[in-house]
Amino acid sequence: MTFVRNAWYVASWASELTRTLERRTILGEAVVLYRTGDGMPVALRDRCPHRLLPLSQGRLVEDRIQCGYHGLVFDPSGRCVHVPGQEKIPPNARVKSYPVAERLGLIWIWMGDPDAADEAEIYDLPEYHRPDWGVAYGDALHVAADYLLLCDNLSDPSHVEYVHPTTLGSPSSEGVGVEFEEEEWGVTTHRWSLASEPIGFAKAFGNFDGKVDRWQYYHMHTPSIAIIDFGTAPAGAGFEAKAGNSDNCIRVFSCHFMTPETEASCHDHWLHVRNFGAGDPAVGEGISEQFRIAFAEDKAVLEAIQCEEDRFEGGTRVGLDLDAPAALFRRKIDRRVRAEAG
Amino acid sequence: MTFVRNAWYVASWASELTRTLERRTILGEAVVLYRTGDGMPVALRDRCPHRLLPLSQGRLVEDRIQCGYHGLVFDPSGRCVHVPGQEKIPPNARVKSYPVAERLGLIWIWMGDPDAADEAEIYDLPEYHRPDWGVAYGDALHVAADYLLLCDNLSDPSHVEYVHPTTLGSPSSEGVGVEFEEEEWGVTTHRWSLASEPIGFAKAFGNFDGKVDRWQYYHMHTPSIAIIDFGTAPAGAGFEAKAGNSDNCIRVFSCHFMTPETEASCHDHWLHVRNFGAGDPAVGEGISEQFRIAFAEDKAVLEAIQCEEDRFEGGTRVGLDLDAPAALFRRKIDRRVRAEAG
Amino acid sequence: MTFVRNAWYVASWASELTRTLERRTILGEAVVLYRTGDGMPVALRDRCPHRLLPLSQGRLVEDRIQCGYHGLVFDPSGRCVHVPGQEKIPPNARVKSYPVAERLGLIWIWMGDPDAADEAEIYDLPEYHRPDWGVAYGDALHVAADYLLLCDNLSDPSHVEYVHPTTLGSPSSEGVGVEFEEEEWGVTTHRWSLASEPIGFAKAFGNFDGKVDRWQYYHMHTPSIAIIDFGTAPAGAGFEAKAGNSDNCIRVFSCHFMTPETEASCHDHWLHVRNFGAGDPAVGEGISEQFRIAFAEDKAVLEAIQCEEDRFEGGTRVGLDLDAPAALFRRKIDRRVRAEAG
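It should be emphasised that the depicted structure is a prediction, and the values quoted were computed from it without experimental measurement.

Reading the values: rules and limits
Position labels on residues start from 1 in each chain and follow its written sequence. Chain A is the first chain written and ligand 1 is the first ligand written, with later ones labelled in order. Reporting in this predicted model follows two pLDDT cut-offs: at least 70 for local features of residues, and 80 or more for side-chain atom pairs to be given and counted; totals over whole chains, interfaces and linings ignore these cut-offs and use all residues. With hydrogens and water set aside, each side-chain value is computed from the structure's full complement of heavy atoms. Helix and strand definitions follow DSSP, with helices as H or I runs of at least four residues and strands as E runs of at least two, each counted in order from the N terminus. Based on C-alpha atoms, the radius of gyration is set beside the globule rule, defined as 2.2 Å times the residue count to the power 0.38. Summary of the burial criterion: residues with accessible area below 20% of their type's maximum are buried, those above 50% are exposed, and those between are partly exposed, where the area comes from a 1.4 Å probe applied to protein chains only. Residue contacts are counted whenever heavy atoms from the two residues lie within 4.5 Å of one another. Positive: Lys, Arg. Negative: Asp, Glu. His and the chain ends are not part of the count. Where a charge lies is defined by one atom per residue type, namely NZ (Lys), CZ (Arg), CG (Asp) and CD (Glu). What gets called buried area is simply the loss in accessible area from a 1.4 Å probe that two parts show on being joined, summed for both. When a carboxyl oxygen of Asp or Glu lies within 4 Å of a side-chain nitrogen of Lys or Arg, that pair is called a salt bridge. Think of it as three bins: nonpolar holds Ala, Val, Leu, Ile, Met, Phe, Trp, Tyr, Cys and Pro, charged holds Asp, Glu, Lys and Arg, and polar takes everything else, Gly as well. The rule is short: rings of Phe, Tyr and Trp, with Trp giving its six-membered ring, pair when the centres are within 6.5 Å, and they are stacked under 30 degrees, edge-to-face over 60, tilted in between. In what follows, a disulfide is any cysteine sulfur pair within 2.5 Å. Should DSSP find at least two bridges between two strands, the strands are taken to pair. Lines fitted to the C-alpha atoms define the axes, with helices restricted to the stretch that makes contact. Angles between their N-to-C directions range from 0 to 180 degrees. Residues adjacent in sequence count toward polar contacts only when both atoms are side-chain atoms; beyond that, a polar contact is any pair of N or O atoms within 3.5 Å, and within protein one must be able to donate a hydrogen and the other to accept it. Working definition: roughly parallel below 35 degrees, roughly antiparallel above 145 degrees, roughly perpendicular at 65 to 115 degrees, and oblique for all remaining angles. Crossing handedness: left-handed means the near helix sits turned counterclockwise from the far one by under a right angle, and right-handed means the same turn made clockwise. Least-squares superposition aligns the copies on the C-alpha atoms of those residues with pLDDT at or above 70 in both. Scored between 0 and 100, pLDDT is the confidence that the predictor attaches to each residue. A helix is expected to reach a length of 1.5 Å times the quantity of its residues less one.

### Observations concerning the overall build of chain A
And then number 1: Looking only at helices and strands, one finds 6 helices and 17 strands in chain A.
And then number 2: Here the C-alpha radius of gyration of chain A, 22 Å, is about what a compact globule of 342 residues would show, namely 20 Å.
And then number 3: Expressed as lengths along the three principal axes of its C-alpha atoms, the size of chain A is roughly 80 × 55 × 30 Å.
And then number 4: Per-residue burial over chain A gives 57% buried out of 342 residues.
And then number 5: Restricting the contact set of chain A to residue pairs at least 6 apart, pairs at least 24 apart contribute 59%.
And then number 6: Mean positive and mean negative side-chain charge positions of chain A (33 and 52 charges, respectively) differ by 7 Å.

Structure below.
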C-alpha cells in the first residue's frame, strides 16, 4: 500500500451520516461511521477485536456501538466499556478511532497519525460559502481503478476533446497550449481558449451570441482533491472575468474529492458551485446531469486502463508532453508517502 | 488442509440419495454418490482417472458408473471393470471408494483410512428413535465460512442474546453463568436460567403461565457434530425435567451435522427431535421456521467474520472468558489432526 | 505460455469484420481488428502505448485509429502519425501490427515473427470452393478450457458414442478399431464401421435403406485445426465413396479452427461443407443444428475437465490405447513450441 495516510479524505456525504451504522472501506481499511445523539460524527475500525465481526453489523446503544456477536460495547473513542458476562475488561479491548470532521457538506476522516490531524488543514473553497453562488452535490462515483489514474485524468485538460466530445470538449481546442505550475499544495494546470466557439456546456447554461474566451484551471491538491475552475466569457473579457473583476461570465468550480478504497478502486465524491442560477436547484441539477455523462465516460476509460495495467506484462510506455503535470503530481504524492515512511 | 479425516461426516440426506448421480465436495474432495439397485449407498471419488471428467457426468449402468467421456466402467469398489476398445484394463484404473452408511436419516461418509472405519462409531441420539418424540429434518445450510467458526458459534451459548434476540435469546440471560466440561468425545457447555421470563421460542411452543427454568446444553462432538439440548419447565421444575423425571416441559434436541466443503465453507445438515406434538408435522415445521431465521442470522455473522479473517493483516485479538469451551474444542480437534499426521 | 506463435490462427469471421473496431484476445494478447475503407483487414495490438487504453475504445478516422483518451492516431502499420498538442512524435510511439489475411470466410492472424508469415501456408480445403458442394458457417464457440483439451477431443473418435449418443454416436461402434498416422503437418486418426446401422446423422440427411459403411477421418493440423471428414455410403460402397469415385454417399467436412484465448479458454470457429443439398441453406442449417447439440456436449465435458485440471493435486492418471493419436499431436505441438524458443 502506498497511500498518503496523514491527510484528510472524504468518507461520506454529511447528509448520509445518521444514527445508522455505515461501513466504508478507505485506504484498504474497513471503517464504521455514525453520528452521536448530539450529531457528532464518529469513525471506528469496523472490526470487533474479539472475533472480528464488523461492528457495523451490531447496533447503536446511545452513543456507543454494541457488537452483534457477544455484546461488547465500544465508546466513540474506541474503548471497550462493557463485556457481558465478565467483570474485567481486557486492556487490549479497543478499536482504532479516527479523527473526523464535517466541512463542505462532507464527512472528512484522517487515516494516519491522530496526533498529526489538524482540522485547519481541511480543504475549503471560499465560493462554496457565498450566498450568491449555487451549490449542487453530485454522486459518490465508484471507479474500479487506482485513484492515481483518476488524478492523472484530472491533471490533464487535453483528454477532454477525446473523452467528452459532446459535453465538455470542443474540437477547436486541439493544440491549445497547456501550462502548469507547481504549488506548495500540489499542481495547477491551465488552458485558455481565446475567441473560440462556445462548447456544449456554455451553450446550455450561458447566453453567448458570438465567440468566447474560455478557461480551465485544474487545481490538484495532494493527495486526492481536484478543483476544476472553468469559465466562459465573451471574447476579450476572459481575463477580467477569471480575475473576478467581471460578472459577465459563467463560472463553475467542479470539485472532486477522491478517496482510495483499495489499490485498484476509489470513490469520487463530486460537487460543484456556480455563479449563476444560485437560487434555482434545477440549474444545479442540469449541470450535474451533464457531469454524470462526462464522468461516466471517464470511468469507462479509467476502468479499461486499470484492466490493462493489471495484465501489463512489460513493454513500451510512451511519454508525451501533456503528461508533465500528472507526473509532477505523482512525484509530489510519492514524496509525501516516503516522508511518512520515515 | 487441517481436517480430521478419520471421522464420519454427513454427505447427504438419506432421502436425497437415489439412482441419480450426485456430486458433493467434502474436505476439499469431490465425491459422487448414488444408491445401487438394492438401495445401498455408494461413494466414489468423482473423477475418472483417465481424463479427469467427473464421474457424476456419466451414467449409472446397473450398479456401476460409466464415464461420460470414453465409457470406462467402475464398480462400487472403485475398480475399473471395462474399457471400451481395449482388452487389458490398466491396473491403476481405479478410483477411491469411501465407506458409507445410513443413520438418522442421513448418509455418512468416512474420508480417511478405510480400515479404520467403524460404523459403530457413528453418532446416535436415543430420542430420535422414540415413538413419542417427533423428528423434523431441516436444511443442508451452506455457510461460506470455515466449519471451525461454526463450531465456535455452537460451543457458545452467550451469543444467543445478541445474534438471535427475537427467536432464541432473551435480554434477561445476560450475565447468566456458562459452565463447561471436557468430555472424552468433545466438550459440553451449559447454562441454566432459573425463574426467568420464557423466551420467544418457549412462548410459541409451550404453555407457561409464569416464570420458567430454562436449560441449554451444547454437546460438541469432535470434529463436527453439535447437539443442543434445550428445554423449558415451570420455575422450580427444571432440574427434574432435564433429568428426564418429568414430562412437564418442552424439550428439543437441535442437531447440527457439519461437513467441511473447503477450508472456508461448509454444509450444516440440521434436524431436531422434540418431546411435544410428535404426531403433528406442522409443529416440527413451525420449529424449523424459527430455526431457519436463527441460523440465517448465524450464517450472516459467520460469513462476515470469514471475510475479515481472509483480509486480517495481523493485530490485536482479544480473548474473553466465554471463549474457553470453543478454545478447548479447537485444541481437541488439533490433537486429532496431529494424531492422524502421525 | 506455451503457444505456437508462428502459425495462422482464426481471429474472426470475415463477415463480422467491418468498419467497427473489434477487440479479440488471442494467445493472451488483446488485438483490435477492423477493415480499411478498401476492405483490407487490419489487426493491431489493442493498447495505446501512452496510457494503455484499448484502441478499440477509440474511433476510426479513415483508415487509422484515433485513441479515445488523448487522440493519438495510429496507421494500419501500427505507427503513430499524430499526437495532438505536440509536433514531435516520440519514436517509440507505435503498436504491434499483425499480418492478417482472409480465406475460407475467415480472418486469419499471425501472432509470431512477422517475417515468417507466409499466406501460402494458410490452410485450405478444396471442397470449400467446389460449386456442387454446400458451405455452412457455424458459430465461434467459446470453450472455457485449454485448446489442447479440445485438440485431444478432436483427435479421438472413440468419445463419440459416449458424449454424443443421440447425434453422432452409435452404440454399435464400440470396439471398432481406430488407426492413426503421423503426417508432416499433424496426425490423422480414422475409423471405419462397415455394414453397420446408420447413425442419427445419416438417417437425418441420407436416404439409406439398409446397412451402411461409415468412415470418420480426423485430420489434425498443428497447432489447432481439425478437419473431420466423415461419410456414409451403402454397405460395400464405402471405400469407393471415400476415394471420391462414387457420388452415392453423404459426405461432410466438419472444420474446426481453434484459437487459444488464454491458457484455459479458446474459441472454436466451426463450419462445414457437404456434398448434398448444396443449393439449400436449410440443409446446412439443419446440420449445424445437430452440430450445435454435439459441440455443446463437448463443451460441457471439456469445461468440467478444465476445472478438475485446475484443482488437480497430483495422483494417478491412467493412459489408454485410445490416447495415442492425441499424445502424438501434443508432442508435435511441443516440438514446434520448443523450435520457436530456439
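Having seen the structure, we can now continue with the description.
### Examining the interface of chain B and chain A
And then number 1: Every contact between the two is made by 30 residues of chain B and, on the other side, 30 residues of chain A.
And then number 2: Of the roughly 2300 Å² buried between chain B and chain A on both sides combined, carbon and sulfur atoms contribute 54%.
And then number 3: Considering only the side of chain B, the residues that lose the most area to chain A are Y162, E308 and V318 of chain B, jointly responsible for 27% of the buried surface there.
And then number 4: Among the salt bridges present, the one from E308 of chain B reaches R23 of chain A, with a minimum N-O distance of 2.8 Å.
And then number 5: Within the residue set of the side of chain B that touches chain A, elements represented by two or more residues are α1 (147-154), α2 (160-163) and α5 (281-311) of chain B.
And then number 6: Here the side of chain B that touches chain A gets 8 residues from one element, more than from any other, and that element is α5 of chain B.
And then number 7: For the side of chain B that touches chain A, the residue count by class is 13 nonpolar, 7 polar and 10 charged.

### Focus: the interface of chain C and chain A
And then number 1: Chain C puts 29 residues into the contact, and the matching count from chain A is 30 residues.
And then number 2: Carbon and sulfur atoms make up 54% of the surface buried where chain C meets chain A, a total of about 2300 Å² over both sides.
And then number 3: For chain C, the biggest contributors to the area lost against chain A are R51, L52 and Y69 of chain C; these three give 29% of the whole.
And then number 4: Seen at the junction of chain C and chain A, the total is 4 salt bridges.

### Some remarks on the packing of aromatic side chains
Residue and element names in this part refer to chain C.
And then number 1: Going through the model one piece at a time under the given rule, you end up with 42 aromatic pairs over all chains.
And then number 2: Note on W270 and F295: the rings are 5.0 Å apart at their centroids and 80° apart in plane angle, and the pair reads as edge-to-face. Taken together, the residues span a long stretch of sequence, with W270 in strand β18 (residues 265-274) and F295 in helix α5 (residues 281-311) at a distance of 25 residues. With respect to burial, W270 and F295 carry one shared label: buried.

### Structural notes on the state of the cysteines
Residues and elements named next belong to chain B.
And then number 1: For the coordinates displayed, the defined rule picks out 0 disulfides over all chains.
And then number 2: Considering cysteine sulfurs only, C255 is the nearest to C249, which forms no disulfide, with 16 Å between them.
And then number 3: Judged by relative accessible area, which is 10%, C249 ranks as buried.

### Some details on α1 of chain B
And then number 1: Within α1 of chain B, 8 of the 8 residues are buried, which leaves it mostly tucked inside the rest of the structure.
And then number 2: Listed in full, the buried residues belonging to α1 of chain B are Y147, L148, L149, L150, C151, D152, N153 and L154 of chain B.

### Observations regarding unusual backbone geometry
And then number 1: The omega torsion of the bond from T222 of chain A to P223 of chain A falls at 0°, within 30 degrees of zero and hence cis.
And then number 2: Relative to the helices and strands, P223 of chain A resides in the loop between β14 (212-221) and β15 (225-234).
And then number 3: Phi at L104 of chain A takes a positive value of approximately 55°, unusual for a residue other than glycine.
And then number 4: Structurally, the position occupied by L104 of chain A is in the loop between β9 (100-103) and β10 (106-110).
And then number 5: For L27 of chain C, which is not glycine, the phi dihedral falls at a positive 50°.
And then number 6: Take L27 of chain C: it is sitting in the loop between β2 (22-26) and β3 (29-35).

### Quick word on the sheet that holds strand β14 (residues 186-196) of chain C
Residues and elements named next belong to chain C.
And then number 1: Overall, antiparallel pairing links the 7 strands, which are arranged β12-β18-β17-β16-β15-β14-β13 in an open sheet. Of all strands in the sheet, those bounded by a partner on one side alone are β12 (134-143) and β13 (178-182). Between one strand axis and the next, the sheet turns by 15° as a mean value, whatever way the strands run.
And then number 2: Bridge analysis of strand β15 (residues 212-221) against strand β16 (residues 225-234) gives 10 bridges, and the strand direction is antiparallel. Residue pairing in the sheet places H221 in a bridge with I225 of β16.

### Brief notes about the side chain of S246 of chain B
And then number 1: Here S246 of chain B is to be found in the loop between α4 (238-242) and β16 (250-262).
And then number 2: From its side chain, S246 of chain B meets the backbone nitrogen of N248 of chain B in a polar contact 3.0 Å long.

### Some thoughts on the packing of helix α1 (residues 147-154) of chain C against α5 of chain C
Residues and elements named next belong to chain C.
And then number 1: It is at 10 Å that the axes of α1 and α5 come closest, and there the two elements cross at 130°. By the angle class used here, α1 and α5 are oblique. Pair α1 / α5 crosses with right-handed handedness. On the side of α1, the interface is formed by L149, L150 and N153, while α5 contributes D298, L302, I305 and Q306.

### Details of the relation of the copies chain C and chain A
Think of it as a corkscrew move, a rotation about one axis and a shift along it, taking one chain copy to the other.
And then number 1: The two copies are related by a screw operation: chain C maps onto chain A through 120° of rotation and 0.1 Å of translation along the axis, at an RMSD of 0.0 Å. Taken together, the rotation angle and the small translation identify this as a three-fold axis. Residue D310 of chain C of chain C places its C-alpha closer to the rotation axis than any other residue of that unit, at 13 Å.

### Considerations on the confidence of the model for chain A
And then number 1: Looking at chain A, the pLDDT average stands at 94 and 97% of residues meet or exceed 70.
And then number 2: On the interface metric, ipTM, the complex scores 0.93, and its pTM is 0.93.

### Considerations on the pairing of strand β2 (residues 22-26) of chain A
All names here are of chain A.
And then number 1: Pairing between β2 and strand β3 (residues 29-35): 5 bridges, direction antiparallel. The residue bridging T25 from the neighbouring strand is A30, located in β3.
And then number 2: Where β2 folds back on β3, the antiparallel hairpin that results is connected by 2 residues, among which L27 adopts a positive phi of roughly 50°.

### Observations regarding the sheet that holds strand β9 (residues 100-103) of chain B
All names here are of chain B.
And then number 1: If you trace the 3 strands from one edge of the open sheet to the other, you get β1-β10-β9, paired in antiparallel fashion. Where the open sheet ends on each side, the last strands, each with one partner, are β1 (8-13) and β9. Going from strand to strand, the sheet's axes swing by 35° on average, the running direction of each strand aside.

### Quick word on the side chain of T259 of chain A
And then number 1: For T259 of chain A, the location among the structural elements is in strand β16 (residues 250-262).
And then number 2: Note on T259 of chain A: relative accessible area 4%, which makes it buried.

### Here we look at the environment of P198 of chain A
Residues and elements named next belong to chain A.
And then number 1: If you trace the backbone, P198 turns up in the loop between β13 (186-196) and α3 (200-205).
And then number 2: Taking the C-alpha atoms as reference, P198 lies 67 Å from I89; in sequence the two are 109 residues apart.
And then number 3: Residues contacting P198, with those up to four places away along its chain left out, are K203, G210 and V212.

### A few points about α5 of chain C
And then number 1: The end-to-end C-alpha distance of α5 of chain C is 44 Å, a good match for the 45 Å that 31 residues give at a rise of 1.5 Å each.
And then number 2: Of the residues flanking the start of α5 of chain C, the one acting as N-cap is D280 of chain C, its side-chain oxygen 3.0 Å from the backbone nitrogen of A282 of chain C.

### Focus: the pairing of strand β14 (residues 212-221) of chain B
Along any regular strand, the residues point their side chains to alternate faces of the sheet.
All names here are of chain B.
And then number 1: For β14, the tally of buried residues reaches 10 of 10 residues, placing the bulk of the element in the interior.
And then number 2: Burial of the side chains of β14 extends over both faces: V212, R214, Q216, Y218 and M220 are buried on one face and D213, W215, Y217, H219 and H221 on the other.
And then number 3: Pairing analysis gives 9 bridges linking strand β13 (residues 186-196) to β14, with the strands arranged antiparallel. Note on β14: the bridge partner recorded for T189 is Y218.
And then number 4: Connecting β14 to the next strand, strand β15 (residues 225-234), in antiparallel fashion are 3 residues.

### Looking at the environment of C67 of chain B
Residue and element names in this part refer to chain B.
And then number 1: Along the chain, the position of C67 falls in the loop between β6 (64-66) and β7 (73-74).
And then number 2: Classification of C67 by relative accessible area gives buried; the value is 3%.
And then number 3: Residues C67 and P54, 13 residues apart in the sequence, show an inter-C-alpha distance of 7.9 Å.

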